[in-house]
Amino acid sequence: KIEKLFLAVTVAIMIIVIIYQVILRYVFSASNAWSEELARYLFIYDVMVAAAIATRRNSHLQVDAFIGILKPRTKAVIATIVGIVFLAFLFCYSVVLCQAAAVNVSAGLKIPMSVPYACMPIGAVLMILTSIEVIMKQLVEIAELSRREA
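Residues numbered from 1 in each chain as written. Predicted model: local features only at pLDDT ≥ 70, side-chain atom pairs only at ≥ 80, totals over all residues. Heavy atoms only, no water.

**Student:** Mind laying out a nonpolar patch on the surface, listing which residues take part and the relevant values?
**Tutor:** On the surface, Phe91, Val125, Leu129, Ile132, Met136, Leu139 and Ile142 cluster together to form a nonpolar patch covering roughly 580 Å² of accessible area. Sort the elements by how many residues they give to the nonpolar patch and helix α5 (residues 119–149) lands first, with six residues. For Phe91, the location among the structural elements is in helix α3 (residues 72–101). Take Phe91: its relative accessible area is 30%, and that puts it in the partly exposed class. (Patch = residues over 30% accessible without salt bridge, like charges linked within 9 Å, V, L, I, M, F, W, Y side chains within 5 Å. Areas by Shrake-Rupley, 256 points an atom, 1.4 Å probe, with all protein chains shown as cover. Salt bridge = Lys/Arg side-chain N within 4 Å of Asp/Glu carboxyl O. Helix = DSSP H or I, 4+ residues; strand = E, 2+ residues; numbered from the N terminus. Buried < 20%, exposed > 50% of the residue type's maximum accessible area, 1.4 Å probe, protein only.)

This is the structure:
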């Protein structure tokens, strides 16, 4: 719910900033660097937040040629383990990347580059949390199925 509100607000801000930039450029023959940069960074944050929503809906692209031949329970376990390992790797690598980018400053907004790069660990944490939510729901469903079978 909060993610969708964040997406709605940031998309509205991007639209306003891009319209401002277009009017400034084509009506007044002027330009600025911050508006394009702000729209780009907001879009990157939107992608990472939307990735967390896609995780909750199980909407990420998957190559399921191998995993399709497995039993449903085995498939769920393998997919969960691979997903968590990937997200842990993404989080660890993105933290290192943020630390390395902290010494640089963006050209237009004059903010540390660790701010735009922070979308990666934030997105990874959101995806990990939504993965845990999905896993918990799956465990409840498995328990209910086991109870019905007994």
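**Student:** Explain the packing of helix α1 (residues 2–26) against helix α2 (residues 34–57) residue by residue, including any values.
**Tutor:** Two quantities define a packed helix pair, namely the angle between the axes and the distance from one axis to the other. One can describe the packing of α1 onto α2 by two numbers: an axis separation of 9 Å at closest approach and a directional angle of 155 degrees. As the angle between them shows, α1 and α2 are arranged roughly antiparallel. Between α1 and α2 the crossing geometry is left-handed. Per-class residue counts for the contact of α1 with α2 are 17 nonpolar, three polar and seven charged. (Axes fitted to C-alpha atoms, helices over the stretch in contact; angles between N-to-C directions. Parallel < 35°, antiparallel > 145°, perpendicular 65-115°, else oblique. Left-handed = near helix turned anticlockwise from the far one by under 90°. Nonpolar A, V, L, I, M, F, W, Y, C, P; charged D, E, K, R; others polar.)

**Student:** Got a sec to walk through the packing of α2 against α5? Specific residues and values, please.
**Tutor:** In the contact formed by α2 and α5, the axes pass within 8 Å of each other and the chain directions differ by 10 degrees. Viewed along their axes, α2 and α5 adopt a mutual orientation that is roughly parallel. Within the contact between the two elements, α2 uses Ile44, Tyr45, Met48, Val49, Ala51, Ala52, Thr55 and Arg56 and α5 uses Cys119, Met120, Ile122, Gly123, Ala124, Leu126, Met127, Thr130, Ser131, Glu133 and Val134. Residues of the contact of α2 with α5, tallied by class, amount to 13 nonpolar, four polar and two charged. (Contact = heavy atoms within 4.5 Å.)

**Student:** Give me the state of the cysteines: which residues, what numbers.
**Tutor:** Two cysteines whose sulfur atoms are joined by a covalent bond form what is called a disulfide. In total, this model carries zero disulfides according to the counting rule given. For Cys92, which is in no disulfide, the shortest distance to another cysteine sulfur is to Cys98 and amounts to 12 Å. Residue Cys119 stays outside any disulfide, its sulfur separated by 7.6 Å from that of Cys98, the closest cysteine. (Disulfide = S-S within 2.5 Å.)

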